Amino acid sequence: MKIHFLGAAQAVTGSCYILETAGKRFSVDCGMHQGNAEIEKRNLNMENYRPGELDFILVTHAHIDHIGLLPRVVAEGFKGKIYATPPTRDLMQILLLDSAHIQEMEAEQHHRKGLRRGHKTQPPPFAAGERRAKGAASAPHAVERRDTMQEQPLYTTADATATFPLIEAIEYNKPFEPAPGIRVTYRDAGHILGSAFIEIEYQEEGKPAKLIFSGDLGRPNQLILPDPSTGGSADYVFLESTYGDRDHKSAESSREELAAAIAYSYKNGEKVIIPAFAVERTQQILYTLFLLDQEGKLPKDMPVYLDSPLAIRATEIFRSHPEYFDDATKALLKQGKDPLALPNLRFSLTADESRALNTMTGSAVIISASGMANAGRIRHHLRHNLWRKGASVVFCGYQGEGTPGRKIVDGAKSISIFGEEIAIAAKIFTIGGFSAHAGQAEILEWLKTFDGKGTKIILIHGEVRALNKLSELIHDRLGLEVHVPTYLEELTLEPGKVMVPVVDIDKALPRIDWDFLLADSRTLYAEFQKRMELAKQKPWVAQTELRDRFMDVNRKIVELISEL
Ligand SMILES: [Zn+2]
Ligand SMILES: [Zn+2]
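The following refers to the structure shown. The structure displayed is predicted, hence computed values, not measured ones.

Backbone torsion omega between Ala369 and Ser370 reads 10 degrees, so that peptide bond is classified as cis. Here Ser370 lies in the loop between strand S15 (364-368) and helix H13 (378-385). Phi is positive for Asn221, close to 60 degrees, though the residue is something other than glycine. Along the chain, Asn221 turns up in the loop between strand S10 (207-213) and strand S11 (236-240). Even without being glycine, Leu488 reaches a positive phi, approximately 70 degrees. Within the secondary structure layout, Leu488 lies in the loop between strand S21 (482-483) and strand S22 (490-492).

Here's what the structure looks like:
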C-alpha cells in the first residue's frame, strides 16, 4: 500500500490522502487548502491528484477542508463514485454550491480590480469546463501565474452541480466493496452530523491489512450528536491531531461563558457577535441558546439573528435527519421541544436584511459565518462592532493560522477589514467547549479503545506544535510507533515492517531565499542613500511627502522585526 499525502500533513486544511493498492488508486477526502496565499496555491496543482486516474473517493465528512476540491477534481476528469453518509451527502451539496459561489465572486472581484489597474483580461467564465480551456491550472507554471489564476474561479457552480450525481450514500456500520478486494466500513465519528471515521480492509500478497482514517474526531457528551464510535483493531490509524496539544473546557463552562458575554453586552445595550461555521457549530450554539433560554439567562428582549443563508439551510438539513441525533435530543423532540428553534430567533436571508442589522440599535445576538472571520457576512458585523466598547465577540472554534479570527484571538489591537483598519475595543471571548474536535485527552482515550500493541499511528490534520506533543504522548503513554508525514510525502506500508517515507522536500516546501532578499534590500538602500542629496534639493512640500513614505517603510521594517 502506498499513501500520498496531498494535504493536512503538518497542516490542518486540504485533507486528501491518495491510496494505491492492487492496481487501484483512490482517495480519502479531497479538501480545500485554506490559509495564506502560499498555502492556497496548493489548490491549483492538479498534477499531484491526477483526477482521471482515481477510481473512487471516500468522504469522511462535509467540511470544506475535506470536500472542497471535489468539483475541481470532477471538472479535471474524475468519473468514479464519491461515497458519503446520507447527512454528509446533503450537507456537501449546500457547502459545495456555497464554496463555488465564493470562488466565482472572488474571481469576479479580482477581474474588476484587474480592469481598474488597466489589465486587459477576460471576464471569468462561469460555465462548466470553460475555465479549464482558458485557465493554466494544470500547467507546470501555475504557481507563477497566480495573478491571472485569481481571475479564474477554482471551480464554478456548474462544476459543483456536476459533482452531485457521483455521490453514493453509505450507512454507518454497513461494510461495502468499492472495488474488488477493498472492504470499507463507515463508523460514526461524532464530529458533525454524518461524520465518519473509515475502516479500509485489503489484502497484499495474500496478507490481510486494515487501515483506519479518523477523519475529524468528535468528542463525547456533545449536544445533538452521539459519542464517537470506538473499539476494534487496525494495523495503521491515520489520526487527526488538531487539538493534540491541549484539552477543551467542558460544554457547561462554555455555556456559562456564553451567558457571561450575553449579560455583558445586554447591560451595555450592545451586540454579541458570534462568528460560527454554518454546519454543526451554529446548531450547537442555537441549542446552547435554547438551554440558556430555558434557564432564564437569555433576556426576552434580546433577539437572536441567524445571519447566514448557508447556516439556515444547514439547520434545515439537521432537522431532516433526526435519526442521527443523540438520545437526549431525540427525547426533547419527543416532548415537542425543538432545541434548534428559539422563541426570539430571526433569520436574515437576504443581503438587505443583513445590512439592516448594521444600523439596528439595541442589544442582540448575531450568529454569522464564516467561523474564522475570513469571509462572509461576519466581516460586516465585525467592522460595525469590533471598535465598540461594550460589544462582545465570541469565538467558539478553531482559528486557522493567518486568519483574522486568529489575529483577534491572539490579542491584536486592530485588524484590517475590507482594507480599513478597525480598532478592537469589544470584549473578546474564546470558548473552547463548543469544539467539534476531540481534545488531547479525548484523542488518547479514543485510541486506547483499539486493541493490538502493534498498531502504528500516522498523525495528520494538525499544526506542528500539536503533532509533536501528541506524538510524544502516544509514544510514551501507549508505547505505539508514531509517524508524522510531510506534505507531498509518499509512504509505503507493509504490516509488520518499518514504514518507508519518501519526500522531495524542495518540491513540498520550497526553500525561501532570505539571503537574496536581504542583499536586494541592501542594494536598494545604498541607492537611496546615494540619492539623498537629491531629495534635499526638492521643494519642502515634496520633501515632507517623501519623508512620510520613508517613515512608512521604516514602520514596516519595525513590524517585520517584531514578528521574529
Ligand atoms: Zn471537520
Ligand atoms: Zn478537518
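As a further point, take the packing of helix H8 (residues 251-267) against helix H9 (residues 281-294). Running from amino to carboxyl end, H8 crosses H9 at an angle of 75 degrees, the nearest separation of the two axes being 10 Å. Accordingly, the angle class assigned to the pair H8 and H9 is roughly perpendicular. Contacts from Arg255, Leu258 and Ala259 in H8 reach Thr288, Leu291 and Leu292 in H9. Across the contact of H8 with H9, the residue classes break down as 4 nonpolar, 1 polar and 1 charged.

A word on the environment of Glu240. Inspection of the secondary structure puts Glu240 in strand S11. A count of 27 C-beta atoms within 10 Å places Glu240 in the buried class. Once the C-alpha coordinates of Glu240 and Gln335 are considered, the two residues, 95 residues apart in sequence, prove to be 37 Å apart.

Mapped onto the elements, Asp245 comes out in the loop between S11 and H8. Non-local contacts of Asp245, meaning those with residues more than four positions away in its chain, are made with Gln440, Arg465, Ala466, Lys469 and Leu470.

What the 6 strands build is an open sheet, ordered S14-S13-S15-S12-S16-S19; its pairing is parallel. Edge positions in the open sheet fall to strand S14 (345-347) and strand S19 (427-430), since each of these has one partner strand only. Averaged over neighbouring strand pairs, the angle between their axes works out to 20 degrees when direction is ignored. Pairing analysis gives 2 bridges linking strand S12 (residues 271-275) to strand S16 (residues 392-395), with the strands arranged parallel. Bridge assignment links Ile273 to a residue of S16, and that residue is Val393. Contacts between H8 and the sheet are confined to S12, S15, S16 and S19, with S16 contributing the most and set at about 165 degrees to the helix.

With that out of the way, let us pick up the sheet that holds S22. Strand order in this open sheet of 8 strands is S6-S5-S4-S3-S2-S1-S22-S23, and the pairing throughout is mixed. The strands lining the two open edges of the sheet, one partner per strand, are strand S6 (167-169) and strand S23 (500-502). For this sheet, the mean inter-axis angle between neighbouring strands, taken without regard to orientation, is 25 degrees. As defined by bridge partners, strand S3 (residues 24-28) adjoins strand S4 (residues 56-58) across 3 bridges and the pair is classed as parallel. In the strand pairing of S4, Phe26 is matched with Phe56.

Thresholds, definitions, all that
Residues numbered from 1 in each chain as written. Chains lettered and ligands numbered in written order. Predicted model: local features only at pLDDT ≥ 70, side-chain atom pairs only at ≥ 80, totals over all residues. Helix = DSSP H or I, 4+ residues; strand = E, 2+ residues; numbered from the N terminus. Axes fitted to C-alpha atoms, helices over the stretch in contact; angles between N-to-C directions. Parallel < 35°, antiparallel > 145°, perpendicular 65-115°, else oblique. Contact = placed C-beta atoms within 7 Å. Nonpolar A, V, L, I, M, F, W, Y, C, P; charged D, E, K, R; others polar. Buried ≥ 20, exposed ≤ 12 C-beta atoms within 10 Å, placed from the backbone. Pairing = 2+ DSSP bridges.

In short, shape yes, function no, at least from these values alone.
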